[in-house]
Amino acid sequence: MHETYSLQNLPVHIIEKICEYAEENHRMFYSHAASPYTARSPKPTTFDRQPLLQVSRRWRLVAQEYLYKNVEIMCQDESPSIRHMAYNFTTQQLTAKTNKYVKTVSLFLSWTMVFSGRALSQLNQLCSPNVVFPRAKQLQVFFSAPYTRKVDSGQIAQAINAFTDRIQQLLPNTRNVQMTVYSFGFHASAKELANCNRVLNNLCTQVQTASFYGWGSPQSHGLQVHAHTGLTKLTYDWGIFGEESYNLFYTHSQTLEHLSIRSGGVLNYNRLMQTHSHAAIIYPHLLSLKIEIEGADFNNYQWKTPKRKVFFPQLRRFALNHVYPFSDDTIFRGNRETCIESIRITVDANSLEALASHGMFDKAKPCRNLKHLAITQEDESYLFDELGLPADMLQRWLSVAPALCSFSLLIDDPLLKQPLLACIQSSLPCNSTLQLLVIPHISLSLQDIMSLLSNLPMLTDLHCMSEGLGPELASFSVLSELASHISSLFTDIRQPVFKFWRAIVNDPDLVETSVAWPSVALALTCPSFSYTAVPPSQKAAYEDCLRQIMLSEDFKPHQDKLRNLLSLC
């Protein structure tokens, strides 16, 4: 007997989903009520969240946690770059009851407003002296609009201290600060940059994690952030690397656990791990390192570091968006056998040989904890040499990862299909733990997929392009013959855990042969198979094909399995 639910007693997880939708579509803003922009603009259509709080006590307890967790404070200025960010409804004053649910506070303001004292003035208008967000752990600050010089320099230091003190009073327990600095739009003097630095550094007092984002003018690289405590997590997304960038990494190297670096300039990898005077910088507790350098050519770089130095002894996750830049095993030294769990890397012939010559692919000393591996290409012009590098590369990586759970090959090269299938068969053990295989640029037929399943007993998810049934099955024109042949051909496979197939089809007209029929075959031969994901534009055609197959006499014995496949579309 199925349990029936009324609106009042829906399961908590359903109420949470409804609240998530409401929270995404109607975020709470504090906004300066005196803004003429607000008065002139039409009120936008928004999701009214009040009914969610009035259904029942059960709903209210769940909804409050979601609907009041984000507050955004808009300190209006003359700059249009700020005003367009605000929602156009009246200021809602939070009460002590709702303040306790706030987890994240976001501030939108300009440098000028802070230095002139107007930011503090508007903040006091929006938040009375007794307003506190006791559970807010995250502060997000967005500095926008160009700085102007129409501020009395004698008052700036006092205005900065008063403003940052007020923020710390509002959020006494903040542990995570995220700061976004847009283009300065001017040539800042050393004194002006010092004032900006004072704001940033005052806001970083007693935080454990910090994120810094900067765009636009090269002047932004003059900002220097020195958190007063040892950061455990640092996200550094800055336009240009300068000496202060490396100093920030050095300052927190002994406490950092997570470091993410992104830039449009060239990162000097040697400076990441040694000072200007060549003193080694060790990151003893770093668990994850992610580096994204846009628009820089690293193919000619082969950085060298002091031998026998272990810079990342505890590293577990490493992601790099360009060719591995070292001539040795700098990144994996000391963590390869026992620690490293996830690698996302781009390799070419030179870097592959550099890693191989330093024991990265020593089968006698495998990467026992490596569970997630992604091999990428740098750009569309990236090509392997003519020496069979794809097969060699795949075999080397797969042979040293006995505990691999997910493997992604993100290289757009149709010639990789046969090397990949051969490597999976020869390099992975028969009791392979691989559960997820992502090969979006490789086309597999149904026979290829079944071959994979016979070699990968734990595979649950597969993402690939589809070649359809393959030449052997495509020749059948009668449904009864096709159904019979599918059952006889794949009876021995019966892979017990395979559940999900993300099918990529370039030609919408081939949905029936490329997706629907292979999905039916998978449903008949894999007891756990339940879902095929197709692009939204092809979903209707895919569902129509499934319904036609279900209505045929030859597949009536299998209707339960096929109906389940259709119900999850």
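Just so you know, these numbers come straight off a predicted model, no measurement behind them. (Residues numbered from 1 in each chain as written. Predicted model: local features only at pLDDT ≥ 70, side-chain atom pairs only at ≥ 80, totals over all residues. Heavy atoms only, no water.)

Q: Where do I start with the overall build of the chain in this structure?
A: Looking only at helices and strands, one finds 21 helices and 17 strands in the chain. Out of the 569 residues belonging to the chain, those deemed buried represent 52%. A separation threshold of at least 6 residues defines the contact pool for the chain, and within that pool the share at least 24 residues apart is 78%. As displayed, the chain offers around 26,000 Å² of accessible surface, 52% of which is attributable to carbon and sulfur atoms. (Helix = DSSP H or I, 4+ residues; strand = E, 2+ residues; numbered from the N terminus. Buried < 20%, exposed > 50% of the residue type's maximum accessible area, 1.4 Å probe, protein only. Contact = heavy atoms within 4.5 Å. Areas by Shrake-Rupley, 256 points an atom, 1.4 Å probe, with all protein chains shown as cover.)

Q: For this particular structure, what's the right way to read the pattern of salt bridges?
A: Where charged atoms of side chains with opposite charge meet at close range, the side chains can pair. Using the criterion set out here, one finds 11 salt bridges in the structure. Residue Arg262 pairs with Asp237 through a salt bridge whose shortest N-O separation is 3.6 Å. In this pair, Arg262 sits in strand E8 (residues 258-263) while Asp237 sits in strand E7 (residues 233-237), placing the two residues 25 residues apart along the sequence. Among the salt bridges present, the one from Arg547 reaches Asp544, with a minimum N-O distance of 3.6 Å. (Salt bridge = Lys/Arg side-chain N within 4 Å of Asp/Glu carboxyl O.)

Q: Can you help me understand the packing of aromatic side chains in this one?
A: The description of an aromatic ring pair uses the distance of the two centres, along with the angle that the planes make with each other. What the rule picks out here adds up to 13 aromatic pairs. Both rings, one in Tyr269 and one in Phe326, keep their centres 5.4 Å apart while their planes meet at 75 degrees; by these two values the pair is edge-to-face. Of the two residues, Tyr269 sits in helix H12 (residues 269-273) while Phe326 sits in the loop between strand E10 (317-323) and strand E11 (342-346), which places them 57 residues apart along the sequence. On the basis of relative accessible area, Tyr269 is assigned to the buried category, the value being 1%. The buried category is assigned to Phe326, whose relative accessible area is 1%. Pairing Tyr324 with Phe332 gives two aromatic rings, centres 6.0 Å apart and planes at 20 degrees, and the pair type is stacked. Summarising the burial analysis for this pair, Tyr324 and Phe332 share the class buried. (Phe/Tyr/Trp six-rings, centres within 6.5 Å; stacked < 30°, edge-to-face > 60°.)

Q: Is there a simple way to explain the environment of Thr532 in this structure?
A: Considering the arrangement of structural elements, one finds Thr532 in strand E17 (residues 531-533). Residues Thr532 and Ser519, spaced 13 residues apart in sequence, show a C-alpha to C-alpha distance of 6.7 Å. Excluding anything up to four places from it in sequence, Thr532 contacts Trp501, Ala503, Val515, Ser519 and Tyr542. Only 2.8 Å separates the side chain of Thr532 from the side chain of Ser519, close enough to count as a polar contact. (Polar contact = N/O pair within 3.5 Å; in protein donor to acceptor, adjacent residues only side chain to side chain.)

Q: It is not clear to me how the layout of surface pockets should be interpreted in this structure. Could you clarify?
A: To find the voids left in a structure, one rolls a probe of water-molecule size over its atoms. Of the volumes computed, that of the largest pocket is approximately 240 Å³. Lining the largest pocket are 22 residues, and of these Lys290, Arg317, Phe318, Ala319 and Ser342 lie nearest its centre. Those elements that place two or more of their residues in the lining of the largest pocket are E7, E8, strand E9 (288-293), E10, E11, strand E12 (372-376) and strand E13 (406-410). Here the lining of the largest pocket is composed, by residue class, of 10 nonpolar, 8 polar and 4 charged. (1 Å grid on protein atoms, 1.4 Å probe; cavity = no way out; pocket = protein on both sides within 12 Å on 5 of 7 lines; lining within 4 Å. Points joined across faces, edges and corners; volume = space filled by probe spheres on them. Nonpolar A, V, L, I, M, F, W, Y, C, P; charged D, E, K, R; others polar.)

Q: Teacher, can you tell me more about the nonpolar core here?
A: A general feature of soluble globular proteins is that nonpolar side chains tend to end up buried together. Phe143, Trp397, Phe407 and Leu409 are the most contacted members of the largest nonpolar core, which totals 138 residues. Considering each element in turn, this core owes the most residues, 9 residues, to helix H19 (residues 511-525). Filtering out sequence-adjacent residues up to four positions away, Leu409 remains in contact with Ile375, Met393, Leu394, Leu416, Leu420, Val438, Ile439, Pro440 and Ile442. Grouped together as the second largest cluster of nonpolar side chains are 12 residues, Ile15, Leu52, Val62 and Tyr101 included. (Core = buried A, V, L, I, M, F, W, Y, C linked by side-chain atoms within 4.5 Å.)

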